[in-house]
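Residues per chain are reported as follows:
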Amino acid sequence: GKTATKNGIKNKFKAEKDVIILHITLTSVDLADLTFAIIEDAKEQKLIDDEFLQKISYSPTDIKQYTNPDLIKKIIQTVDEILSKNDFGVLIIDEMDIIAQPAYHNKQDQMEFVHRIKNILDKIAESEIVQKKSFCTILAQTDKSSKDFQDYLQSIHNPMASRVRKTIDIKYNLDETKQIILKRLEVEAIPAFS
């Protein structure tokens, strides 16, 4: 249901002008990776160009050299640039539950990364441009229920957990799952094969 919901959000707003959706997938608890993903998605959608990237002194090859404050600043500058030309923005951070994977990260790394995301969201909210517009961030995850994820956030970083305004669980029971699978099989069925 998560992918269908994300696609539904994109499709709903795609037809409307002055609405932008940044959709990135979290791959690590490295702020450089998050920054790269946001800027690359914006560039791919032609929301920013090379001239803007030069103005903010951004180079993808140097991204690992930037300090965390520099990376946060580049994210905020990118969001400001995009929203200065649009009325409404949505940032979808997918696979947010990667921060809870103990096999990949130690708890200190997880706490620091969540703290940085909280700082980014705070700075976005404080931006003069964003305050004149509308902006929403969606944290999407698959591994845990929304409630479990909220509890996890509270256990490692309560200020970030307090920023989460609404949690929504998207889940199907067995009968609903069977119906979805049958529908997909019908759509993808090859004629002459039962």
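Source: prediction; values computed, not measured. (Residues numbered from 1 in each chain as written. Predicted model: local features only at pLDDT ≥ 70, side-chain atom pairs only at ≥ 80, totals over all residues. Heavy atoms only, no water.)

## A word on the overall build of the protein chain
To keep things clear, this is the line we draw: What counts as a helix is a DSSP run of H or I of at least four residues, what counts as a strand is a run of E of at least two, and both are numbered from the N terminus. Type-normalised accessible area, obtained with a 1.4 Å probe on protein chains alone, sets the label of each residue: buried when under 20%, exposed when over 50%, and partly exposed for intermediate values. Note on contacts: a residue pair is in contact if any heavy atoms of the two residues lie within 4.5 Å. Note that accessible areas follow from Shrake-Rupley with a 1.4 Å probe, and for residues the cover is restricted to the protein chains shown. Charge assignment in this entry is limited to Lys and Arg as positive and Asp and Glu as negative, and neither His nor the chain termini are counted. A single reference atom marks each charge: NZ on Lys, CZ on Arg, CG on Asp, CD on Glu.
Within the protein chain one finds nine helices and three strands. Beginning at the N terminus, the succession of helices and strands in the protein chain can be written as α-β-α-α-α-β-α-α-β-α-α-α. By its C-alpha atoms, the protein chain is 60 × 40 × 35 Å across when sized along the principal axes. Each of the 194 residues in the protein chain was classed as buried or not, and the buried ones make up 40%. Intrachain contacts of the protein chain at a sequence separation of at least 6 include 73% that bridge at least 24 residues. Carbon and sulfur atoms form 51% of the exposed surface of the protein chain, whose accessible area is close to 11,900 Å². Of note, the protein chain has its 28 positive side-chain charges centred 3 Å away from the centre of its 31 negative side-chain charges.

## As for the layout of surface pockets
To locate leftover empty space, one rolls a probe as large as a water molecule over the atoms. To keep things clear, this is the line we draw: We place a 1 Å grid over just the protein atoms. Points where a 1.4 Å probe fits but has no way out form a cavity, open points with protein on both sides within 12 Å along at least 5 of 7 lines form a pocket, and any residue with an atom within 4 Å of a point lines it. Grid points are joined across faces, edges and corners, and a volume is the space filled by probe spheres set on the points. Only Asp, Glu, Lys and Arg are considered charged in this grouping, and only Ala, Val, Leu, Ile, Met, Phe, Trp, Tyr, Cys and Pro are considered nonpolar; every other residue, Gly among them, is considered polar.
Volume-wise, the largest pocket comes out at about 1,100 Å³. Every residue lining the largest pocket is counted, 35 residues in all, and those nearest its centre are Thr137, Ile138, Leu139, Val164 and Lys166. Taken together, the elements giving at least two residues each to the lining of the largest pocket come down to helix H1 (2–14), helix H5 (107–126), strand E3 (134–139), helix H7 (146–156) and helix H8 (158–163). Here the lining of the largest pocket gets five residues from one element, more than from any other, and that element is E3. For the lining of the largest pocket, the per-class residue count stands at 17 nonpolar, nine polar and nine charged. There is about 210 Å³ of room inside the second largest pocket. Looking at the second largest pocket, the residues that line it are Lys10, Phe13, Lys14, Val19, Ile20, Ile21, Leu22, His23, Asp41, Gln45 and Leu47. Ranked by the residues each element gives to the lining of the second largest pocket, the list is headed by strand E1 (residues 19–25), at five residues. For the lining of the second largest pocket, the residue count by class is six nonpolar, two polar and three charged.

## A closer look at the side chain of glutamate 81
The cut-off we apply is this: Polar contacts, as counted here, are pairs of nitrogen or oxygen atoms within 3.5 Å of one another; within protein the pair requires one atom able to donate a hydrogen and one able to accept it, and residues that are adjacent in sequence qualify only if both atoms are side-chain atoms.
Within the secondary structure, glutamate 81 is located in helix H4 (residues 68–84). For glutamate 81, a relative accessible area of 18% gives the class buried. For glutamate 81, the side chain forms a polar contact with the side chain of lysine 85, separated by 2.8 Å.

## A look at the packing of aromatic side chains
The condition is simple: Classification of ring pairs rests on two measures: the distance between centres of Phe, Tyr or Trp rings, Trp counted by its six-membered ring, which must be within 6.5 Å, and the angle between planes, read as stacked under 30 degrees, edge-to-face over 60 and tilted in between. Two thresholds decide whether a charge sits over a ring: the Lys NZ or Arg CZ must be within 6 Å of the ring centre and within 35 degrees of the ring normal.
All chains considered together, the criterion is met by two aromatic pairs. Across from the ring centre of phenylalanine 13, 5.5 Å away, lies the NZ or CZ of lysine 12, which sits over that ring. Across from the ring centre of tyrosine 66, 4.7 Å away, lies the NZ or CZ of lysine 74, which sits over that ring.

## Regarding helix H9 (residues 174–188)
To keep it simple, the criterion reads: One less than the number of residues in a helix, times 1.5 Å, gives the span that helix is expected to have.
For H9, with 15 residues, the first-to-last C-alpha span of 21 Å sits near the 21 Å given by 1.5 Å per residue. Judged by how many residues are buried, H9 sits mostly at the surface: zero of 15 residues are covered.

## Description of unusual backbone geometry
Its identity is not glycine, yet lysine 46 carries a phi of approximately 60°, on the positive side. With a phi close to 60°, glutamate 95 is a non-glycine residue in the positive phi region. On the basis of relative accessibility, which here comes to 27%, the residue glutamate 95 falls in the partly exposed class.

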